[in-house]
Every structure is written in C-alpha cells, then in structure tokens.
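Residue-level structural notes
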Amino acid sequence: MNLSAPPVENHSLTAILPILSDSFEGLEILLSPFLVPSDTIREVVLICPQTIFLDARRVLKKILSYSDTVEHPNLSLLPYTGSSFYNSTLSSAMFRVRTEWVLVLDNHGLQGLTSGQQAYLLSPLSISLPVGPHGFLRSPANSNRILATSDLEPAEYLVPPFVAPTRLFSCTFSYLADSDPWLAFGVHIAKTHLEMIGGLVLPSDINRREQNSRLEMTQIEHNLTGILSAGNDSHTQKQPVPTLGSFVLVVPHLEDLHAFMPVVCRLQSVGHIVSVLLYQASSSDTMYCSSEDCTLQCSTLSHTAPTFHSWLDSLDASPDVIFALDVQDFLSVTFTVVLRHESYRKTTLIRLPRADIPHSDWIGSLTLPELRSWNIPEITISVITDQRPHSLQRLLMSLTRARYFGERIRLRINLEQTADFKTFRVLQDFEWPHGDVFVHHRVIHGGLLPAVVESWYPNSNDSYGLLLEDDIEVSPLFFAWIKMTVLRYRYGGPENISPSVFGISLYQQKMVELRPEGRRFFDARALFASDGIPNPSTPYLSQIPCSWGAVYFPEHWREFHDYLSIRLSEYSMKIDENVVPDIRSNKWVKSWKKYFIELVYLRGYVMLYPNYANFTSLSINHLEIGSHVKDQPEAEYLRKKALFMLPLMPLTNASVPLCRLLDLPEQKLPSLSSLPVLDLMGKLSSVSDLLERGTKRRTELTGCSAAISLTYDARELMCLQEFIWL
C-alpha cells in the first residue's frame with residue numbers, strides 16, 4: 001500500500017526549537033534569527049511541556065504582534081505531557097516536516113554560535129550528513145568532544161544544534177526513543193556512510209573562509225561526485241604524503257627473514273622503521289641481515305631482553321604493525337597476551353603461514369593505514385551450484401589450493417532444489433581447511449536470479465561477498481588480489497575511497513557483451529595505449545558488473561536488494577520498462593545482472609577490473625552448459641568458449657610465470673583518481689559523465705529532479721521516499 005504525501009520542497013528548511021519555562025524571557029532573542037525574510041526557512045516548530053503550553057502561546061502571540069517582519073516563516077507549537085514524551089513529540093515534529101532540511105536546536109537556539117556557524121546552519125551546503133558545532137567521539141569510558149578549527153571534522157555523533165537532510169530521519173524514528181537519542185541517531189547515520197561517520201563538526205571560523213574553500217568540505221564524503229576520471233589529467237595532481245610507521249617482524253629463523261625480505265625491504269625503502277626479532281637464532285644481541293635490496297638490524301632474545309614483551313618495550317616506539325608466522329611455539333603463544341597491554345592495543349598483528357610468505361611481496365606495496373586495517377574486512381565466499389558436480393569439484397579444489405595469508409574464510413555453498421546425488425556427494429567428501437562452511441539447500445526451485453541474489457547478504461559495512469557460480473575456477477592468488485584491492489580502495493586514504501565503487505572483479509574482460517549489435521572483442525591495454533593514457537597496464541573502472549568471479553561491497557549489495565524489490569513489485573514502473581537505453585541486457589529477463597546494470601547506470605557506479613598482460617586473470621569461466629549457456633553443436637560451443645577462456649595467474653614461484661600480482665604501474669595499485677573509467681559499452685568516459693547520464697535517465701523515468709546523494713537508498717533513487725510501505 002502506498003500513502004502519498006505532499007512533495008518535499010527543495011532548498012528549504014524547518015527549524016525545531018524546544019522551549020522551557022525559563023526560556024520565556026529570552027524567547028524573542030531565540031526567535032530573532034528566524035523572524036526575518038528568508039529564501040530557505042519555511043517553518044519553526046516550537047516544542048514545550050504541556051504545563052506551559054498556554055503561557056508559551058500567549059508569549060508567542062505577543063512577540064509576533066510587535067514584530068516588524070510581515071513575511072516570516074510559519075510558527076507552530078507542539079506540547080508534550082512529560083519528560084518521557086519529549087522524544088516522541090520530537091519524532092512527530094520531524095515526521096510532519098516537508099522541507100529538504102531540518103535544523104534541530106536545543107533550548108539555547110543559535111545563541112553562543114559564531115555568525116558564520118549561524119549562517120551555515122540556516123543555509124547549509126549539499127552534504128548528506130548532519131553538520132553542527134558540537135560533535136563527539138566515543139571512548140570506552142566516555143565521549144570526547146571534537147574541536148573543529150579550520151575544516152569540517154568527522155564525528156561519531158552530534159548533539160543539537162545541527163542541520164541534516166530530512167531524509168536521514170526514517171519514518172519510525174526508533175533511535176530517538178533511546179536513552180541517548182543523539183548517540184543512537186549518529187550510529188543510525190553511520191550505518192549508511194562508507195566511513196561510518198555520524199556527522200561533521202562545523203569550525204568556528206567558517207565565516208572567514210573563502211567560498212571555494214567551503215565547497216571542499218564535501219570531500220570528507222569521498223567526493224560525492226565519485227572519483228576523478230582519466231580525462232582530468234590526474235597524473236599531474238599532487239599525491240598525498242604517505243604516513244610513516246613502525247613495523248616489527250618476529251620470526252624464529254634467519255631463513256624466515258630472508259623469505260620475507262621483499263616485504264620489509266620495500267616498507268623500509270619508503271621510510272618506515274622496521275625492527276626484526278629472530279627469537280630462535282643462536283647469535284646474541286644484535287646482528288645485521290642483508291639482501292640485494294636492503295640491510296636490516298636484527299635482534300635476538302638476550303639477557304637484556306629475555307622475552308618478547310621486554311624486547312617490544314625496548315623499542316623506541318610502540319609498533320603500528322607486527323608481522324609474525326602463523327605457528328605455535330613457545331613465543332607465538334604469548335602474542336595475544338602481550339598485545340593486550342595498554343601500550344600495544346592499537347598494534348595490528350598480521351600472522352602469515354610460512355608457505356604463503358614467498359607469495360607475499362604485494363603486502364609491501366600497501367600503506368600504513370591499509371596494513372593497520374588488515375584484520376577488519378570479512379570476506380565470505382558464496383558458491384552457487386545446481387547439477388554440475390564436476391564443475392563444483394573443480395571450483396572447490398581451486399579454492400582449497402589458493403593462498404589465504406592466514407585469514408579464516410567463511411565458505412557458503414548454495415544448492416538449488418534440483419541438485420543431484422553426485423553434487424551432494426561432492427559436498428559430503430569435501431573438507432575446507434580455511435574456515436567455516438555453511439550449506440544452504442532450496443526446497444522450492446528458484447532459478448538463477450534468486451539463487452545469486454539471495455546467496456549472500458552483508459552483516460556489516462566490513463562484510464564482503466565473493467560470488468562464484470560453479471563453472472568458475474580461481475587463481476591460487478585470487479585472494480591476494482582481493483585483499484590488496486579491498487585494503488587500498490576501502491581502507492586507504494580518502495583520496496582512494498569513493499562510494500561510486502561497488503566491487504572488485506577477479507575476471508579480466510576480453511569481450512564486451514552489452515552493445516546492441518552484439519558482443520565485441522575488448523582489449524583494455526590497446527584502448528588505453530591508443531588514447532595516450534600514460535600507463536596502459538593500469539587497472540581500470542568499468543560500469544559492467546562481473547558475474548564470473550567478483551567481490552561486491554556491502555552498501556551497494558544492500559541497495560541492490562532494495563532496488564530489485566522495488567522493480568519486481570512494480571511500484572515505480574512496469575517490469576518490462578527499459579531502464580537503460582539501447583543495451584542487450586534489456587533482453588535478459590531472468591538475469592540478476594539486468595537489474596544490477598540498471599542500478600549501476602542510474603547511480604553512475606563502477607567496478608574495479610584487473611588489466612594484466614595476455615589477459616591473465618584471477619578467475620576464469622569454463623562456459624559450461626547451464627542457465628545461460630544452452631546445448632549447441634560442439635564446434636560452435638568450442639568456438640564460443642575460446643572467446644572467454646583466459647590464463648589464470650600462477651603462484652609467484654611457478655616455473656614460467658606469465659605475470660605477477662605486482663605487474664602494476666610503479667609496482668603498486670594506482671590512486672583511485674588516476675584509474676581510467678569505462679561505461680557499459682566499454683568506452684572511455686568519466687564519473688561526472690556517468691552521473692549525468694544516470695541522473696538524466698532517472699528524471700525521465702520518475703519525473704523526479706531532486707538531487708541524489710550517495711547514501712545507498714534505493715527508495716530515494718526511485719523517488720519513493722514520499723511513501724510508507726505497509
């Protein structure tokens with residue numbers, strides 16, 4: 001059921017002001033900023049206890065009777081019967097708001113704020129977060145106030161006064177019933193934001209800043225227009241100065257150090273401090289360990305530092321990151337206990353299996369913030385299978401043989417209702433040594449669309465889903481590619497994070513299938529070279545969602561679920577409406593990708609793709625008979641299969657490696673702003689162009705021209721925020 005409401009007026013604001021009995025004397029002063037002609041302020045809602053309602057109304061009438069302003073916003077008065085009903089009355093006030101912005105005040109109004117802060121709160125910029133002068137960060141014991149001196153500063157939550165887009169307040173307002181409503185509201189907001197930010201703290205000297213500097217405030221939201229395109233001469237942009245840190249390598253033997261030298265030498269080469277402890281070495285005190293690339297000072301346990309804890313304490317600074325072997329011996333069992341001490345609670349422990357160290361050189365290309373986030377992302381592998389036991393077994397074998405660098409990986413296997421006995425037998429005989437396994441079996445046949453869409457759902461904004469149909473096979477280094485790219489483009493500096501990026505492809509494109517005239521051969525390196533892009537070997541961003549091995553990000557996958565529900569319900573348009581003009585996927589009526597492509601087009605989203613030599617890929621599709629590949633003459637089938645088969649990236653020490661994971665520009669993942677951007681047809685574009693196309697098409701489909709903010713809200717995208725679904 002849809003219940004319509006009056007449309008929201010753009011560039012408009014409602015102020016909500018609580019008043020108490022001791023506010024009467026200064027009520028005129030509190031109201032003075034609002035009793036003036038304004039292009040934005042439409043209404044002021046005053047909330048007061050029922051016990052003073054009549055007195056408040058009388059004082060309000062008196063103020064208005066001698067006000068010189070003829071044109072002023074509407075004023076209304078809402079009473080509440082007791083302190084416990086204040087939040088519910090506030091919720092009711094917000095529910096009736098029909099303006100784009102809400103200014104939430106305390107009983108002091110705008111008093112005590114600078115003129116610049118007042119001006120901002122009464123005429124806010126288009127930032128999709130609450131903004132106000134009083135923000136806080138929580139600690140285990142209390143909350144610490146943030147002081148913003150010259151720039152907007154991120155906070156976990158704000159307290160009034162603050163201004164926020166009205167759409168941030170859901171229709172239930174359940175968080176306002178919390179004992180600490182503004183903390184709960186900040187947590188609610190943070191769940192929709194990539195960096196888990198609950199608000200932005202307004203600097204006190206905002207009135208002295210230039211207008212163009214004020215526009216830079218939106219950068220805290222990761223460039224709401226997304227990322228810079230290759231056409232922006234991004235290679236001339238100033239690169240951020242890397243944050244330098246303190247690293248520790250703890251290994252038993254000199255041989256282990258030599259195996260890990262490519263990582264620690266690279267970290268040392270960019271200026272990081274690297275300390276090494278060889279805890280089973282026979283020499284005492286200090287020695288020097290050298291390779292072709294660097295020389296390291298190595299320590300051993302001695303009478304001056306007989307334990308791991310005492311050795312750590314002897315260092316000049318607490319380490320940011322500790323690398324260690326994932327083994328059980330007399331020293332490694334003390335890691336957890338030692339790192340519980342206050343001095344080391346911010347230290348990140350990275351434990352790597354000895355067998356994986358020869359394939360770990362890519363770790364040295366990561367920055368300090370990325371490495372400190374090593375243990376945060378949670379990767380779930382979701383396998384979708386039906387009646388192809390041979391295919392399933394091949395996929396599971398490739399997953400088992402892959403390197404996971406000490407990670408425990410949750411494996412989810414999704415069986416269609418029609419799965420046969422041989423498929424069940426494959427699973428009965430399968431052992432997964434890298435983590436937990438969950439098997440889901442449908443009791444009613446769903447088809448490929450629900451099989452894929454319902455195969456995984458994120459449990460947090462640090463939860464990532466790798467979706468694999470059973471005819472996929474992965475490289476032994478596929479997880480290294482995932483880990484490296486997720487850490488760079490989800491946990492690196494703000495210049496490498498954008499809400500426009502929805503996932504990471506393992507498969508390297510060799511064909512573009514979405515053009516109306518049919519599939520066409522595609523070579524990213526040749527395209528970039530012909531266009532004069534400085535590094536044709538660079539990874540790139542494409543609007544095409546990959547279904548042949550790809551990681552999907554949590555916010556975008558949740559939004560896709562909501563978008564798909566809207567499309568299938570036909571609330572916004574008929575199911576046969578062509579959302580994306582002139583594209584082959586409009587004919588894929590049973591494919592989940594048809595609808596994901598629609599979302600990508602309307603939002604201007606992009607996915608990261610690898611671009612290695614000879615089309616070397618981190619996954620391949622064996623193009624076996626199934627939902628998308630129909631039975632056909634063998635010659636035609638083999639011809640078609642050859643179009644998509646690619647070489648898999650081998651392990652680093654393979655006898656004849658085709659390429660390495662770090663065969664990248666400058667041996668590292670490029671900055672996000674330097675990556676080329678391709679549209680759904682495989683043509684060079686820019687994020688601004690993609691956003692413009694999507695916004696224009698959204699207006700054509702819905703008639704809604706309101707500005708879109710990247711908060712992963714499908715109802716807002718389809719202009720359904722005016723409806724309540726029952």
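This text gives an overview of the structure that appears in the document.

Now for the sheet that holds strand β19 (residues 410–415). An order of β20-β19-β18-β21-β27-β23-β28-β26-β30-β31 is seen for the 10 strands of this open sheet, with the pairing classed as mixed. Here the strands that pair on one side only, and so sit at the sheet edges, are β20 (437–441) and β31 (684–685).

Once that is clear, we can look at the packing of helix α11 (residues 389–401) against helix α12 (residues 421–428). Relative orientation of the contacting elements α11 and α12 amounts to 20°, with a least axis distance of 8 Å. With respect to α12, the element α11 is oriented roughly parallel. Crossing geometry of α11 relative to α12 is assigned as right-handed. Each of Pro389, Leu392, Gln393 and Leu396 in α11 lies in contact with α12, whose residues at this interface are Lys422, Thr423, Val426 and Leu427. Residue classes in the contact of α11 with α12 are distributed as five nonpolar, two polar and one charged.

A few words on α12. Turning to α12, its buried residues number three or more, namely Thr423, Val426 and Leu427. All buried residues of α12 project into a common sector of 95° when viewed along the axis, lining one side. In α12, the exposed positions angled more than 90 degrees off the buried face are occupied by Phe421, Lys422 and Gln428. On its buried side, α12 packs onto β18 (378–385), α11, β19 and β20.

Right, let's get into the pattern of salt bridges. Overall, the coordinates contain 23 salt bridges when judged by the stated rule. Measuring nitrogen to oxygen at the nearest pair gives 3.2 Å for the salt bridge that ties Arg490 to Glu555. Linking Arg490 in helix α14 (residues 478–491) with Glu555 in helix α16 (residues 554–569), this pair joins segments that are 65 residues apart in sequence. As far as the burial class goes, Arg490 and Glu555 line up, both buried. Linking Arg519 and Glu513 is a salt bridge whose minimum nitrogen-to-oxygen distance equals 3.2 Å. On the accessibility criterion, Arg519 (25% relative accessible area) is partly exposed. Residue Glu513 is classed as partly exposed on the basis of its relative accessible area of 22%. Taken together, the shared-partner salt bridges in this structure form one network comprising Asp361, Arg660 and Asp663.

A separate point is the packing of aromatic side chains. The tally for this structure, following the rule as stated, stands at 35 aromatic pairs. When the ring of Trp557 is compared with that of Phe560, the centres are 5.3 Å apart and the planes differ by 55°; the resulting orientation is tilted. Residue Trp557 and its partner Phe560 are located together in helix α16, separated by three residues, close to a single helical turn. As far as the burial class goes, Trp557 and Phe560 line up, both buried. Where Trp592 meets Phe596, the ring centres are 6.1 Å apart and the plane angle is 85°; that geometry is what we call edge-to-face.

A few words on the environment of Glu100. Looking at the element boundaries, Glu100 is found in strand β4 (residues 99–104). Judged by its relative accessible area of 24%, Glu100 falls in the partly exposed class.

Moving on to empty space enclosed by the protein. Inspection of the entire model under this criterion finds six cavities of 30 Å³ or more. The calculated volume of the largest cavity comes to roughly 200 Å³. Considering the residues around the largest cavity, the lining is formed by 17 residues, among which Gln509, Met511, Glu513, Ile544 and Lys593 are closest to the centre. Every element with two or more residues in the lining of the largest cavity is listed here: β24 (511–512) and α17 (592–603). Of the residues in the lining of the largest cavity, the class split is 12 nonpolar, two polar and three charged.

Rules and cut-offs
Residues numbered from 1 in each chain as written. Predicted model: local features only at pLDDT ≥ 70, side-chain atom pairs only at ≥ 80, totals over all residues. Heavy atoms only, no water. Pairing = 2+ DSSP bridges. Helix = DSSP H or I, 4+ residues; strand = E, 2+ residues; numbered from the N terminus. Axes fitted to C-alpha atoms, helices over the stretch in contact; angles between N-to-C directions. Parallel < 35°, antiparallel > 145°, perpendicular 65-115°, else oblique. Left-handed = near helix turned anticlockwise from the far one by under 90°. Contact = heavy atoms within 4.5 Å. Nonpolar A, V, L, I, M, F, W, Y, C, P; charged D, E, K, R; others polar. Buried < 20%, exposed > 50% of the residue type's maximum accessible area, 1.4 Å probe, protein only. Arc of directions from axis to C-beta. Salt bridge = Lys/Arg side-chain N within 4 Å of Asp/Glu carboxyl O. Phe/Tyr/Trp six-rings, centres within 6.5 Å; stacked < 30°, edge-to-face > 60°. 1 Å grid on protein atoms, 1.4 Å probe; cavity = no way out; pocket = protein on both sides within 12 Å on 5 of 7 lines; lining within 4 Å. Points joined across faces, edges and corners; volume = space filled by probe spheres on them.

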